[in-house]
Amino acid sequence: MHVQTLKVVIFGCESVGKSSFVNMNVGGNYVSSAYDYVDNSGTIKTMEVNGVKFQFQILMIHDPYIINEFDLYDAAAVFFMYDSTDRATFKAIENTYLPKLQRCCPNALISILIASKVDKWPAPEVTSDEGHLTALMNNLHFCEVSSKDNINIQKPFVIVGDVVSKLIRSRA
């Protein structure tokens, strides 16, 4: 079986949960703090979706001002991650990271807005409805995840795999 290799770029402020998200997807290990994590940017996640085997090359970016646009040009998917308990990280997605998408990743097939830390209580600062609305207004998919409780951890990759596998079948 041929393996489809796709680059996935994860944008988001520091401490939104990118490292935990990647660690849970690649090794199944939850890390409670970025200090417990070893740089896994460039990590490969392998999975099968709709009978198509994928290798996702993952690149994490927290500082939108040091982006090497050449490295991002061939990204197939872009994930915008914010911490649902921290409105400032949501605003950074809207005001800083989303505007970079058109310039840095013009060939991305799919973009997903990801609300992280949905397991936290009390109620999140950014509601699910706000996330859905922002995603809709920016032509993004939307999902909520919790690395700590292993909620929807693979869903963003499944969405990408589903879109790409349907595209592959339509061209066959």
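Located above this text is the structure these notes cover.
Residues numbered from 1 in each chain as written. Predicted model: local features only at pLDDT ≥ 70, side-chain atom pairs only at ≥ 80, totals over all residues. Heavy atoms only, no water.

## Regarding the packing of aromatic side chains
Thinking step 1. All told, the structure shown has eight aromatic pairs when counted by the stated rule.
Thinking step 2. Here the aromatic rings of F56 and F157 are separated by 5.1 Å at their centres, their planes lie at 55 degrees, and the arrangement is tilted. Placement of the pair is F56 in strand 3 (residues 52-61) and F157 in helix 5 (residues 155-171), with a sequence separation of 101 residues. Across this residue pair, the class does not change: F56 and F157 are buried.
Thinking step 3. Here the aromatic rings of F79 and F157 are separated by 5.2 Å at their centres, their planes lie at 70 degrees, and the arrangement is edge-to-face. Pair noted here: F79 is in strand 4 (residues 77-83) and F157 is in helix 5, with a separation of 78 residues, a long-range link.
Thinking step 4. Counting every residue linked through ring pairs, the aromatic cluster contains F21, F54, F56, F79 and F157.
Thinking step 5. In this structure, K45 is placed above the aromatic ring of F157, and the distance from its NZ or CZ to the ring centre is 5.7 Å. (Phe/Tyr/Trp six-rings, centres within 6.5 Å; stacked < 30°, edge-to-face > 60°. Helix = DSSP H or I, 4+ residues; strand = E, 2+ residues; numbered from the N terminus. Buried < 20%, exposed > 50% of the residue type's maximum accessible area, 1.4 Å probe, protein only. Lys NZ or Arg CZ within 6 Å of the ring centre and 35° of its normal.)

## What about the environment of R169?
Thinking step 1. You can see R169 is positioned in helix 5.
Thinking step 2. C-alpha of R169 to C-alpha of V52: the two residues are 117 residues apart in sequence and 9.9 Å apart in space.
Thinking step 3. Once you skip the residues sitting within four places of it in the chain, R169 turns out to touch N50, G51 and V52. (Contact = heavy atoms within 4.5 Å.)

## Regarding the sheet that holds strand 2 (residues 44-49)
Thinking step 1. In space, the six strands of this open sheet follow the order 2-3-1-4-5-6, with mixed pairing throughout. The open sheet has two edge strands, strand 2 and strand 6 (141-144), and neither has a second partner. Neighbour-to-neighbour, the strand axes of the sheet open up by a mean angle of 30 degrees, direction not taken into account.
Thinking step 2. Pairing of strand 2 with strand 3 involves six bridges; the strand directions are antiparallel. Bridged to E48 within strand 3 is K53.
Thinking step 3. In the packing of helix 4 (residues 128-137) onto the sheet, contacts are made with strand 4, strand 5 (110-116) and strand 6, and the angle to strand 6 comes to roughly 160 degrees. (Pairing = 2+ DSSP bridges. Axes fitted to C-alpha atoms, helices over the stretch in contact; angles between N-to-C directions.)

## Thoughts on a nonpolar patch on the surface
Thinking step 1. A cluster of nonpolar side chains, L133, L136 and M137, forms an exposed patch at the surface whose accessible area comes to about 370 Å².
Thinking step 2. Classification of L133 as partly exposed rests on a relative accessible area of 48%. (Patch = residues over 30% accessible without salt bridge, like charges linked within 9 Å, V, L, I, M, F, W, Y side chains within 5 Å. Areas by Shrake-Rupley, 256 points an atom, 1.4 Å probe, with all protein chains shown as cover. Salt bridge = Lys/Arg side-chain N within 4 Å of Asp/Glu carboxyl O.)

## Here's the deal with the environment of T46
Thinking step 1. Position of T46 among the secondary structure elements: in strand 2.
Thinking step 2. Take T46: its relative accessible area is 41%, and that puts it in the partly exposed class.
Thinking step 3. Those residues in contact with T46, other than ones at most four positions away along the chain, are K53, F54 and Q55.

## Examining helix 5
Given 3.6 residues per turn, any residue in an α-helix points the same way as the ones three and four places further on.
Thinking step 1. Taking 1.5 Å of rise per residue, the 17 residues of helix 5 would be expected to cover 24 Å, and the 24 Å separating its terminal C-alpha atoms lies within 8% of that figure.
Thinking step 2. For helix 5, the complete set of buried residues consists of P156, F157, I159, V160, G161, V164 and S165. (Expected span 1.5 Å × (residues − 1).)

## Examining unusual backbone geometry
Thinking step 1. With a phi close to 60 degrees, K117 is a non-glycine residue in the positive phi region.
Thinking step 2. Its place among the elements puts K117 in the loop between strand 5 and helix 4.
Thinking step 3. Overall, K117 belongs to the partly exposed group, its relative accessible area being 22%.
Thinking step 4. In this structure, N150 takes a positive phi of about 55 degrees despite not being glycine.
Thinking step 5. Relative to the helices and strands, N150 resides in the loop between strand 6 and helix 5.

## Things to note about the pairing of strand 6
Thinking step 1. The pairing of strand 5 with strand 6 spans four bridges and is classified as parallel. From the neighbouring strand, I114 faces strand 6, where its bridge partner is C143.
Thinking step 2. Between strand 5 and its parallel partner strand 6, the chain crosses via helix 4, and the hand of that crossover is right-handed. (Right-handed = clockwise from strand over helix to strand, strands pointing away.)

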